[in-house]
Amino acid sequence: MKPKVFIARKVPDEILEYIGKYCDYEKWDSEGKITREELYKKLSDKDGLITTGTRIDEELLSHAPNLKIVSNISVGYNNFDLDAMKARKVIGTHTPNVLDDTVADLIFGLILSAARRIPELDRYVKDGKWKRGDDLNLFGLNVHHKTLGIIGMGRIGEAVAKRAKLGFDMDVIYHNRSRKPEVEEKLGAKYSDMEDLLKTSDFIVLMTPLTKETEGLIGYKEFDLMKKTAIFINASRGQTVNEKALIDALENKKIYAAGLDVFEKEPVEKDNHLLKLDNVVTLPHIGSSNDQTRFEMAKVGAENLIKGVCGEVPPNIVPELKSI
């Protein structure tokens, strides 16, 4: 008998066919997001779940007595209650590596857009305001030969550092839980404590995972330490930043600009003051969003799922659950 799995998000037909070779699956077909109550019903006899962002906690696990694995189609896994999953011996996996370059490209898009004011100037031209070619009000800031500070030197951070050093001749400094000697040797990156990084960087890229330790990591104190010409980029999770402090820094010119792919509440609310500011570039959490990358992520997620329900060790178990 094939193991039973539930697919709680849309995946390509090719991925469904692949899963179907090894598993009996049900999938969520409706446009809206599945409710918790409906999900509980679907999981009552399932061995595996493939999802993105669904909160996996004790309540859900209590409705899924046969569950062996939750395959997250994302790099982040802050939706996992790790203690509850350990207690129930439920494996949790994610999809690292696949999206590193895609997200790094987007981060550099935010850096360039915020520094050279590209979205703002696009509107300026389209609104018919361009009257002369030497308007000083149109000028932005250089990116090349500046200092890039990366908070969270994981795989994506390394990809960003590579683009900065080899493409833009930038000096790279970083702060991380542990030093990365290979990145220091290969790219000349220098380890820094948090305070010095904030004080000296021209561009600050936040790429930490969301944990209890990183929630609200950047707030009023941190923005006050930054240069008035600094540009802040957040492509991690919205909750890693105190949004009120960010708005204060942008409004009062404590920093030059920001580029955001994430927000405290998503989708971002229409009355969020960030949407009214010219010196912030806003994106709808699309770090890994292109067809090729999303297909590869779904494929890795399916491979994790199948191995987990078939009694093999999935290749991408999240670090905290590898001991299960």
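In what follows, the structure referred to is the one given above.
Cut-offs and rules
Residues numbered from 1 in each chain as written. Predicted model: local features only at pLDDT ≥ 70, side-chain atom pairs only at ≥ 80, totals over all residues. Heavy atoms only, no water. Pairing = 2+ DSSP bridges. Helix = DSSP H or I, 4+ residues; strand = E, 2+ residues; numbered from the N terminus. Contact = heavy atoms within 4.5 Å. Axes fitted to C-alpha atoms, helices over the stretch in contact; angles between N-to-C directions. Buried < 20%, exposed > 50% of the residue type's maximum accessible area, 1.4 Å probe, protein only. Core = buried A, V, L, I, M, F, W, Y, C linked by side-chain atoms within 4.5 Å. Domains from an automatic or database assignment. Phe/Tyr/Trp six-rings, centres within 6.5 Å; stacked < 30°, edge-to-face > 60°.

**Q** Even after reading the chapter, I still don't get the sheet that holds strand S11 (residues 257-260), so can you show me in this structure?
**A** The strands making up a sheet associate through backbone hydrogen bonding, with each pair oriented either parallel or antiparallel. Strand order across the open sheet formed by seven strands is S8-S7-S6-S9-S10-S11-S12, with parallel pairing between neighbours. The outermost strands of the open sheet, each flanked by one partner alone, are strand S8 (190-191) and strand S12 (280-282). Pairing analysis gives four bridges linking strand S10 (residues 231-234) to S11, with the strands arranged parallel. Looking at the pairing, Ile231 lines up with Ala257 of S11. Taken strand by strand, helix H5 (residues 100-115) contacts strand S6 (147-151), strand S9 (203-206), S10, S11 and S12, and its axis lies near 150 degrees from that of S10.

**Q** Is there a simple way to explain unusual backbone geometry in this structure?
**A** Peptide bonds are mostly trans, and most non-glycine residues show a negative phi. A cis geometry characterises the amide bond from Glu266 onward to Pro267, with omega recorded as -5 degrees. If you trace the backbone, Pro267 turns up in the loop between S11 and S12. A positive phi is found at Arg117, a non-glycine position, where the angle reads about 60 degrees. By the secondary structure assignment, Arg117 is in the loop between H5 and helix H6 (118-126). One non-glycine residue with positive phi stands out, namely Asp169, at about 50 degrees. Within the secondary structure layout, Asp169 lies in the loop between helix H7 (155-168) and strand S7 (171-175). Classification of Asp169 by relative accessible area gives partly exposed; the value is 45%.

**Q** Would you mind going over the nonpolar core with me for this structure?
**A** In this structure, Ile19, Leu49, Ile107, Ile111 and Leu148 are the most contacted members of the largest nonpolar core, which totals 71 residues. Considering each element in turn, this core owes the most residues, eight residues, to H5. Counting only domains with at least three residues in this core, you end up with domain 1 (4-97 + 291-321) and domain 2 (100-282). Excluding anything up to four places from it in sequence, Ile111 contacts Val143, Leu148, Phe203, Val205 and Ile233. Counting 25 residues, the second largest nonpolar core, distinct from the first, contains Leu198, Ala249, Phe263 and Leu274.

**Q** Please clarify how the packing of aromatic side chains should be interpreted in this entry.
**A** Ring pairs (aromatic) are described by centroid distance and by the angle formed between their planes. In this structure the tally under the stated criterion is five aromatic pairs. Taking the centre distance of 5.4 Å and the plane angle of 80 degrees together, the rings of Tyr174 and Tyr191 count as edge-to-face. Of this pair, Tyr174 sits in strand S7 while Tyr191 is found in strand S8, placing the two residues 17 residues apart along the sequence. Here Tyr174 falls in the buried class, since its relative accessible area comes to 0%. Aromatic pair Phe223 and Phe232: ring centres 5.4 Å apart, planes at 80 degrees, arrangement edge-to-face.

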